[in-house]
Amino acid sequence: IVSFELLLVLTGATLLWQLALSPTARAKSAASPLPRWEIPFSGFLLFLWCVLMGGVAGQFLAQQILQRMTGVTPDTRLVMASCGFQLGLLAGCLAFRRLPTARAAETAWMPTPHHPVIGGGVTFLIALPLVMALGLSWQYLLEKLGLPIESQDIIALFTQAESPVEVVILTVFATVIAPITEELIFRAGLFRYARNRLPRWAALLLPACFFAMLHLNLASFAPLVVLGVLLSLAYERTGRIFVPIIAHGLFNLNTVLLLLAGVNA
């Protein structure tokens, strides 16, 4: 399993060189197929409000359902509450898209040859060595500073899962629900709005930082920032939101499989 993971890392490093760092790759300057999001600031605030209210409503409904259930373990309750929150955020995104403000701001998309599955797989492979290298360096820095290194809550839940049902719920949450919701918010929402209104470094970095902070874990903060930047670049380069969604899902699936195999991800 570790050998296969190292093979993925080496493949990603090769693709990183060929598609991004080599002189040939850097010489290419194709226009981005991602159009400017022509939405006023008030419309963007409305988007944020819909997302936040959706999350609050989703978590409230999940808690109401859990109160009527018996024999549910605390870990399962935590998972279901998190799923409710994420589904509420997703519902908020979808509800916003049906509003006249969102429809009026949509523009025509440039045609693109990028297939989302291939683009998502390539993005995942390229991200893997970068995130892994930074993760090791970040943990080393935290150890030198004497700061605690703790796993994310969902990783602890995977390692402590007591039934196949919990594992299935966690897997669906990590590989399907979370990637769709977070990419619609942070890439199709925050990054798309900021990329033509802020300096490029800020448009890439700010959504990535918010994305990392959402996970409430210091040990994974820096690696997730890098992952967020790479997902934004993939979205910008291909113009298709399904590319970062698939890459995000594959990244989480890789972590899940390592955890289930007993490997320290």
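This text gives an overview of the structure that appears in the document.

This next bit is on the overall build of the protein chain. Check the secondary structure of the protein chain and you find 11 helices and zero strands. Seen in sequence order, the protein chain has helices and strands lined up from the N terminus as α-α-α-α-α-α-α-α-α-α-α. Here the C-alpha radius of gyration of the protein chain, 19 Å, is about what a compact globule of 265 residues would show, namely 18 Å. Over its C-alpha atoms, taken along the principal directions, the protein chain stretches across nearly 55 × 50 × 35 Å. Taken across its 265 residues, the protein chain has 45% of its residues classed as buried. Once local pairs closer than 6 in sequence are excluded, the contacts in the protein chain between residues at least 24 apart make up 79%. Carbon and sulfur atoms make up 69% of the accessible area of the protein chain, which amounts to about 14400 Å² in all.

Moving on to the nonpolar core. Counting residues in each nonpolar core, the largest one holds 46 residues, and the members touching the most others are W37, F47, F96 and L227. Aside from chain neighbours lying at most four places away, what touches F96 is W37, I39, G43, L46, F47, C50 and A102. The next biggest cluster of nonpolar side chains, apart from the first, holds 10 residues, and it includes V79, C83, L170 and V256.

Counting across every chain of the model gives seven aromatic pairs. Between W37 and F96, the ring centres sit 6.5 Å apart and the planes meet at 90°, which makes this aromatic pair edge-to-face. Linking W37 in the loop between α2 (23-27) and α3 (41-67) with F96 in helix α4 (residues 74-97), this pair joins segments that are 59 residues apart in sequence. Accessibility assignment for this pair places W37 and F96 in one class, buried. Measuring from ring centre to ring centre gives 6.4 Å for W37 and Y193, while their planes differ by 85°; the resulting arrangement is edge-to-face. Note that W37 is positioned in the loop between α2 and α3 and Y193 in helix α8 (residues 164-194), a separation of 156 residues in sequence. Under the relative-accessibility criterion, W37 is labelled buried at 4%. Residue class for Y193 comes out buried when judged on its relative accessible area of 13%. By the ring-pair criterion, three or more aromatic residues cluster together here, those being W37, F44, F47, F96 and Y193. Lying across the ring of F211, R187 places its NZ or CZ 4.7 Å from the centre.

A separate point is unusual backbone geometry. We note that L216 has phi near 50°; this positive angle belongs to a residue other than glycine. Within the secondary structure, L216 is located in the loop between α9 (200-213) and α10 (221-238). Given a relative accessible area of 76%, L216 falls into the exposed group.

It is worth spelling out the packing of α8 against helix α11 (residues 242-260) at this point. Relative to each other, α8 and α11 sit at 155°, their axes nearing to 8 Å. Classified by the interaxial angle, the pair formed by α8 and α11 is roughly antiparallel. Here α8 and α11 pass one another in a crossing that is right-handed. Between α8, through V167, T171, A174, T175, A178, P179, I180, E182 and E183, and α11, the contact on the second element is made entirely by P244, I245, H248, G249, N252, L253, V256 and L260. Looking at side-chain class alone, the contact of α8 with α11 contains 10 nonpolar, five polar and two charged residues.

Before going further, it helps to spend a moment on the environment of L128. One can find L128 in helix α6 (residues 116-144). Assessed through its relative accessible area of 4%, L128 is described here as buried. When residues no more than four places from it in sequence are discounted, the contact partners of L128 are E5, L8, V9, F251 and N254.

Turning to the environment of V229, a few remarks are in order. Along the chain, the position of V229 falls in helix α10. In this structure V229 touches L204 and A208, once residues within four positions along its chain are discounted.

The rules behind each value
- Residues numbered from 1 in each chain as written.
- Predicted model: local features only at pLDDT ≥ 70, side-chain atom pairs only at ≥ 80, totals over all residues.
- Heavy atoms only, no water.
- Helix = DSSP H or I, 4+ residues; strand = E, 2+ residues; numbered from the N terminus.
- Rg over C-alpha atoms; globule rule 2.2 N^0.38 Å.
- Buried < 20%, exposed > 50% of the residue type's maximum accessible area, 1.4 Å probe, protein only.
- Contact = heavy atoms within 4.5 Å.
- Areas by Shrake-Rupley, 256 points an atom, 1.4 Å probe, with all protein chains shown as cover.
- Core = buried A, V, L, I, M, F, W, Y, C linked by side-chain atoms within 4.5 Å.
- Phe/Tyr/Trp six-rings, centres within 6.5 Å; stacked < 30°, edge-to-face > 60°.
- Lys NZ or Arg CZ within 6 Å of the ring centre and 35° of its normal.
- Axes fitted to C-alpha atoms, helices over the stretch in contact; angles between N-to-C directions.
- Parallel < 35°, antiparallel > 145°, perpendicular 65-115°, else oblique.
- Left-handed = near helix turned anticlockwise from the far one by under 90°.
- Nonpolar A, V, L, I, M, F, W, Y, C, P; charged D, E, K, R; others polar.

Such coordinate-based values are descriptive only and should not be taken to indicate function.
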